[in-house]
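A look at the structure
Single-letter residue listing:
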Amino acid sequence: MPFRKYPLICRLSYFAVAICILSQGQILGQSDKPVVTAEIKAEGRDFFAREIAAHFANINSLQPPPDRVFSAVTVGDFSWGSFARALAAQADVGGNRTIAGKDTARAVAEIGLIESRKGGKSFAQLYSTLALRHYGNDLSKNAVWQSMNDAERKEWTSLLDPTRFYDPKTRKAIDLPENYLGVAARVAAMSYEIGILKDRSFLDSVVESAAKQFTDGAIYADDSPPTGRYDRYSNEYARFCWDAADIAGRNDIKNKLRSSIKIQMKLWWDLVSPEGYGYNWGRSQGLVSYLDTMEIVAFVGVNPEFRPASLPELAALYNQAWRWIRADYNDATHMFRVFDYGRGNYAYINPSREWQQTGTGLGKIIMAHHEFMPILEKEAVETFPAKPTLPDVARFEYFAKGKEKQEGVWLVRLAKLRFALPITVGTKPAIADYLPAPFGLSGFSAPVEEVYPSFVPFLTLADGRVFAASDGADLITPAADGHSLKFSNTKWARIGSKSGDRFEIGLRSDVEFLIKDGVLTRRETVTADNKIEIKLWKFAFPSTASSSYMQVENGRQAFYLDGREGKTRVGFKLVDGSIIREIAAGDGKLSKGVLGAIPLHLVAEKENIKLVPGEKISWEISIEPK
């Protein structure tokens, strides 16, 4: 068959993507020479000093605050608090209260007032509290506190009060996901530590509420109980609870957190990519996942009981994440490339929060560097490998094993087959970021925050309702060797309904994944319990490929994809009468991936399937990274 490419406009769009990727890049061609601890320490120190000074210098006045810093707007949630934390961290770590010729302490005071007056909540409060803490726990000597008058201090006191987003009666975060309890606990603990919060019983109640899932015996935290939403926030949430309990002196809670954190760190180590990308499904991806790696490595560096690997191997992974983050930072705009062409984000990470994303990122890596480099020096790790040697992985980890629903993640790291396949609930029914799909697999990428049949078919019934066999499973059966996985559903997620709700529709889905000879195969059989009509069966394979060609092999269609992640073969065995189309996504919503564009989609469809009780339809897809 002849080689087929996109229309000219798509090729030009992809060329723009390629330029962006090349500019990040050099990561792929970086040296394999051992990393010298003193050199990476100095590299980070110089970068932080230069960029924080550049941002601070670009703020001419805080009364009123500017609408933009460089080209990025500053009006998004957490924006000023995020920068205050980064500025204070640099003043603390760099050892100089004066940056860009200006006093940082008074600036942090004024920024906190900005957040307080506009009703900043949750992370705005956490970052402001962290910023204040950088100047010392003794408020009589704290330069930020001492720079304010009594009226300003009163405003700051309200900023350090977690009841802005935490209800002490219900002991819940107000209209926020569960992980925000960890934010409330950290704010309360630090506020008590510096003497703002006086009520010890209130502090204990917040810390206890935050840790309740873990102290009740859960290993992983449901971020939307009782829905069953499991993603990266479980790890971050556990670390937040640990920090809060540590500050509050609650060793009883720390003791109950230990088993969870150890197991969660093992999970992270088994799913992280050699390039330093951690949790690869759910919301808050892209840059955030690389930041996670640096923060997690710093955390287990400081807390060696939780290390899932040797310190040099952890350092090598830290180096990979740092290399990507450094390449992702645009030195010309002084921003991370969160909104570059093809990059997708959840709606709450919108252009109004571009500066916030940069401020948060800088604050996180400043502190990760500050915590981790001394650990390397203390343990005499003068050099370490540039890249980690990650072990092969093929196993399934359960998140929950309820009678009505089971959840977990299949972890695979075998040669070119590297992915995590979660079986869990998303923010919306059948949302692509949470579907049981092989996230991280070369050539595949789900469109961000889109309800879309990304690697999981959508079935439109005769009455117009649309369903997907997702959002958990009735039964999950992993193979002992981890090389195959089966799960079944008689209850289906319905598009447009409430997250976590599942419905019996008279169909049973049985899915089997199998790894053999470097090929991942998904087989599905749908069996009718009742007489039923499927108006449309639709499946999509969204790809990072920029070109493809199709050929018929043994009577089946096979597509050979070629793109920024290399070459991939995708084969289909479909129900008779099905069609497969190659669709150029252009610059629409379906083209946005967490790390770059998704230019090409293979879309399979079959209309008007009528089944009688006991009748089945079967199909399969196979993927082989080349």
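A quick note: this is a predicted structure, and the numbers were derived from the prediction, not measured.

Side note on the overall build of the protein chain
Broken down by element type, the protein chain carries 14 helices and 27 strands. Whereas a compact globule of 626 residues would reach a radius of gyration of roughly 25 Å, the protein chain reaches 25 Å, a difference of no more than 12%. Considered along the principal axes of its C-alpha atoms, the protein chain spans approximately 80 × 50 × 50 Å. Going through the 626 residues of the protein chain one by one, you find that 60% of them count as buried. Sequence-distant contacts, at least 24 apart, represent 68% of the contacts inside the protein chain between residues at least 6 apart. Counting every atom, the protein chain has about 24200 Å² of accessible surface; 51% of that belongs to carbon and sulfur. Charge centroids of the protein chain, computed over 79 positive and 75 negative side chains, lie 1 Å from each other.

Digging into the confidence of the model for the protein chain
On average, residues of the protein chain score 94 in pLDDT, and 95% of them reach the 70 mark or higher. Within the model, pLDDT remains below 50 along residues 1-26, and this stretch shows 39 contacts once partners closer than five positions in the same chain are excluded.

Thoughts on the nonpolar core
Within the largest apolar cluster, 189 residues are counted, with the highest numbers of intra-cluster contacts made by Trp 156, Ile 365, Trp 410, Leu 507 and Phe 541. By residue number, the principal contributor to this core is helix 14 (residues 354-378), which donates 10 residues. When sequence neighbours within four positions are dropped, the list of residues in contact with Phe 541 reads Gly 443, Phe 444, Phe 455, Leu 561, Val 570, Leu 600, His 601, Leu 602, Ile 621 and Ile 623. Core analysis: the next-biggest nonpolar cluster, separate from the first, contains 6 residues, Ala 430, Val 456, Val 466 and Ala 468 among them.

Section: the environment of Asp 510
Position of Asp 510 relative to the elements: it lies in strand 19 (residues 502-516). Spatially, the C-alpha atoms of Asp 510 and Val 302 are 45 Å apart, while their sequence positions differ by 208 residues. In this structure the side chain of Asp 510 is engaged in a polar contact, spanning 2.9 Å, whose partner is the side chain of Arg 508.

Quick look at the side chain of Glu 115
Along the polypeptide, Glu 115 turns up in helix 4 (residues 104-117). The buried charged residue Glu 115 lacks any salt bridge, with Lys 118 as its nearest oppositely charged partner at 4.0 Å. Beyond its immediate sequence surroundings of up to four residues, Glu 115 is in contact with Phe 78, Ser 79, Trp 80, Gly 81, Gly 120, Ala 124, Ser 128, Leu 159 and Arg 164.

Topic: the pairing of strand 15 (residues 458-461)
Neither face of strand 15 is exposed, since Phe 458 and Thr 460 on one face and Leu 459 and Leu 461 on the opposite face are all buried. Strand direction decides the pairing type here: strand 15 and strand 21 (residues 532-543), joined by 4 bridges, are antiparallel. When the sheet's bridge partners are listed, Leu 459 is paired in strand 21 with Trp 537. Relative to strand 16 (residues 466-468), strand 15 runs antiparallel, the two being bridged by 2 bridges. Bridge pairing links Thr 460 to Val 466 in strand 16. What sits between the antiparallel neighbours strand 15 and strand 16 is a turn of 4 residues, in which Gly 464 has the positive phi angle 95°.

Structural notes on the pattern of salt bridges
Counting across every chain of the model gives 47 salt bridges. For Asp 32, the salt bridge goes to Lys 387, with nearest N and O atoms at 3.1 Å. A residue pair is termed long-range when its members are at least 10 positions apart, and Asp 32 in the loop between helix 1 (8-25) and strand 2 (35-36) and Lys 387 in the loop between strand 11 (383-384) and strand 12 (393-401) qualify at 355 residues. We classify Asp 32 as exposed; its relative accessible area is 57%. Several salt bridges share partner residues, and in doing so they unite Arg 171, Arg 200, Asp 204, Glu 208, Arg 250 and Asp 252 into one network.

Comments concerning the packing of helix 3 (residues 79-94) against helix 14
At a minimum axis distance of 8 Å, the contact between helix 3 and helix 14 shows a crossing angle of 30°. Judged by the inter-axis angle, helix 3 sits roughly parallel to helix 14. The handedness of the crossing between helix 3 and helix 14 is left-handed. Along the contact surface, helix 3 presents Ser 79, Trp 80, Ser 82, Phe 83, Arg 85, Ala 86, Ala 89, Gln 90 and Val 93, while helix 14 presents Trp 355, Gln 356, Gly 359, Thr 360, Leu 362, Gly 363, Lys 364, Ile 366, Met 367 and His 370. Per-class residue counts for the contact of helix 3 with helix 14 are 9 nonpolar, 8 polar and 2 charged.

Looking at the environment of Val 272
In this structure, Val 272 sits in the loop between helix 11 (251-271) and helix 12 (287-302). With a relative accessible area of 1%, Val 272 lands in the buried category. Taking the C-alpha atoms as reference, Val 272 lies 8.8 Å from Leu 390; in sequence the two are 118 residues apart. Contact partners of Val 272, with chain neighbours within four places excluded, come to Tyr 277, Gly 278, Thr 293, Leu 317, Leu 390 and Arg 413.

Description of unusual backbone geometry
At the junction of Gln 63 and Pro 64, the peptide bond is cis and its omega measures out at 0° in the coordinates. Note on placement: Pro 64 falls in the loop between helix 2 (37-57) and strand 3 (68-69). With an omega dihedral of 0°, the bond running from Pro 225 to Pro 226 counts as a cis peptide bond. A positive phi angle is found at Phe 70, which is not glycine, with a value near 55°. In this structure Phe 70 comes out as partly exposed when scored by relative accessible area, which is 27%. The phi dihedral of Asp 517 falls on the positive side, at around 55°, and the residue is not glycine. Along the polypeptide, Asp 517 turns up in the loop between strand 19 and strand 20 (519-528).

Examining the sheet that holds strand 14 (residues 417-423)
Taking strand neighbours across the sheet as the criterion, the 3 strands line up as 12-13-14 in an open arrangement whose pairing is antiparallel. Each edge of the sheet is formed by a strand with only one pairing partner; in this case those strands are strand 12 and strand 14. Shown here is a sheet whose adjacent strand axes are inclined to one another by a mean of 5°, direction ignored. Two strands pair when backbone bridges link them, and strand 12 and strand 13 (residues 406-414) are joined in this way by 8 bridges, in the antiparallel orientation. Within strand 13, the position partnered with Glu 397 by the bridge is Val 409.

So, the packing of aromatic side chains
Evaluation of the coordinates by the stated rule reveals 38 aromatic pairs. When the ring of Tyr 230 is compared with that of Phe 399, the centres are 5.1 Å apart and the planes differ by 25°; the resulting orientation is stacked. Separated by 169 residues along the polypeptide, Tyr 230 in the loop between helix 9 (200-215) and helix 10 (233-248) and Phe 399 in strand 12 bring together distant segments of the chain. For Tyr 230, a relative accessible area of 8% translates into the label buried. Seen in terms of ring centroids, Trp 410 and Phe 419 are 5.3 Å apart; in terms of plane orientation they differ by 75°. Their pairing is edge-to-face. Both residues of the pair, Trp 410 and Phe 419, belong to the buried class. Taking NZ or CZ as reference, Arg 200 lies 5.4 Å from the ring centre of Tyr 192, over its face. The residue whose ring lies beneath Lys 401 is Tyr 398, and the NZ or CZ to ring-centre distance is 4.5 Å.

What about helix 10?
Over its 16 residues, helix 10 runs 22 Å from end to end, which matches the ideal 22 Å to within 8%, given 1.5 Å per residue. In terms of burial, helix 10 is largely enclosed, as 13 of its 16 residues are buried.

Conventions and cut-offs
- Residues numbered from 1 in each chain as written.
- Predicted model: local features only at pLDDT ≥ 70, side-chain atom pairs only at ≥ 80, totals over all residues.
- Heavy atoms only, no water.
- Helix = DSSP H or I, 4+ residues; strand = E, 2+ residues; numbered from the N terminus.
- Rg over C-alpha atoms; globule rule 2.2 N^0.38 Å.
- Buried < 20%, exposed > 50% of the residue type's maximum accessible area, 1.4 Å probe, protein only.
- Contact = heavy atoms within 4.5 Å.
- Areas by Shrake-Rupley, 256 points an atom, 1.4 Å probe, with all protein chains shown as cover.
- Lys, Arg positive; Asp, Glu negative; His and termini not counted.
- Charge placed at Lys NZ, Arg CZ, Asp CG, Glu CD.
- pLDDT = per-residue confidence, 0-100.
- Core = buried A, V, L, I, M, F, W, Y, C linked by side-chain atoms within 4.5 Å.
- Polar contact = N/O pair within 3.5 Å; in protein donor to acceptor, adjacent residues only side chain to side chain.
- Salt bridge = Lys/Arg side-chain N within 4 Å of Asp/Glu carboxyl O.
- Pairing = 2+ DSSP bridges.
- Axes fitted to C-alpha atoms, helices over the stretch in contact; angles between N-to-C directions.
- Parallel < 35°, antiparallel > 145°, perpendicular 65-115°, else oblique.
- Left-handed = near helix turned anticlockwise from the far one by under 90°.
- Nonpolar A, V, L, I, M, F, W, Y, C, P; charged D, E, K, R; others polar.
- Phe/Tyr/Trp six-rings, centres within 6.5 Å; stacked < 30°, edge-to-face > 60°.
- Lys NZ or Arg CZ within 6 Å of the ring centre and 35° of its normal.
- Expected span 1.5 Å × (residues − 1).

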